[in-house]
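The lines below spell out each chain.
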Amino acid sequence: MKDFAIASFEFLSSIVFALPRHKFLNFFKANFLRLLGSKVGKRITFYPGIKLSPGNNLILGDHVDLAWGVLVTTSGGVEIGDRTLVGYNTMIFSANHVIPPGIDKIFYAGHDKRKVTIANDVWIGAGCIILPGVTIGEGAVIAGGSVVTKNVEPFTMVGGIPAKLIKKRNEADNTIV
């Protein structure tokens, strides 16, 4: 019965988040997430085709933009700040499989759940992967295709696999230095 309930929820969620990004439908999607226990701010843009699972332990600030193909696992907790852009096909993971000691079975080892925190005014480029336990500071820019394995300082630009510092942003005039 549990498997049927999970599969049914996944099906319903895929239908809800397949809807176009019209203002009314984004309001409907936000309320769907609130029913699941999420805290959702104002004027969120949910492009079609995003996946949020299981949907609880999620906090979205105001004016968050989640582009096509974004995947967010929320079991470890995910918080995304105000005015944050999450690019196409980005994956944000708040849980991962545990690697058991020795030669124990991986299948039964469980999950490591750690919160992902993304501050205000962050731009995450297309195709990024954000791993569990990462904090991305205010005003940071994550270059497209990056894999973020460690915390990102505020007002910096990082990129690569794994993501490394590219440049620091100048807070006074909002330029890259």
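Just so it is clear, the model here is predicted, and its values are computed rather than measured. (Residues numbered from 1 in each chain as written. Predicted model: local features only at pLDDT ≥ 70, side-chain atom pairs only at ≥ 80, totals over all residues. Heavy atoms only, no water.)

**Quick word on the sheet that holds strand S12 (residues 116–118)**
Consideration 1: Strand order in the open sheet formed by five strands is S1-S4-S7-S12-S15, with parallel pairing between adjacent strands. Lying at the two open borders of the sheet, with one neighbouring strand each, are strand S1 (39–40) and strand S15 (135–136).
Consideration 2: Where strand S4 (residues 58–60) meets strand S7 (residues 78–80), three bridges bridge the pair, whose relative direction is parallel. In the sheet register, Leu60 faces S7, and the bridge partner there is Ile80. (Pairing = 2+ DSSP bridges. Helix = DSSP H or I, 4+ residues; strand = E, 2+ residues; numbered from the N terminus.)

**Brief notes about a nonpolar patch on the surface**
Consideration 1: On the surface, a cluster of nonpolar side chains totalling about 360 Å² of accessible area is made up of Phe24, Phe27 and Phe28.
Consideration 2: Assignment of secondary structure puts Phe27 in helix H2 (residues 23–35).
Consideration 3: Classification of Phe27 as exposed rests on a relative accessible area of 51%. (Patch = residues over 30% accessible without salt bridge, like charges linked within 9 Å, V, L, I, M, F, W, Y side chains within 5 Å. Areas by Shrake-Rupley, 256 points an atom, 1.4 Å probe, with all protein chains shown as cover. Salt bridge = Lys/Arg side-chain N within 4 Å of Asp/Glu carboxyl O. Buried < 20%, exposed > 50% of the residue type's maximum accessible area, 1.4 Å probe, protein only.)

**Some thoughts on the packing of aromatic side chains**
Two aromatic rings, taken as a pair, are described by how far apart their centres are and by the angle between their planes.
Consideration 1: In this structure the tally under the stated criterion is seven aromatic pairs.
Consideration 2: Joined through ring pairs, the aromatic side chains of Phe9, Phe17, Phe32 and Phe46 make up one cluster. (Phe/Tyr/Trp six-rings, centres within 6.5 Å; stacked < 30°, edge-to-face > 60°.)

**Points about the environment of Val158**
Consideration 1: With respect to the helices, strands and loops of the structure, Val158 is situated in strand S18 (residues 156–159).
Consideration 2: Residue class for Val158 comes out buried when judged on its relative accessible area of 7%.
Consideration 3: Considering only alpha carbons, one finds Val158 and Ala143, 15 residues apart in sequence, at a separation of 6.1 Å.
Consideration 4: If sequence neighbours within four positions are ignored, Val158 has contacts with Val141, Ile142, Ala143, Ser146, Val152, Ala163, Lys164, Leu165 and Ile166. (Contact = heavy atoms within 4.5 Å.)

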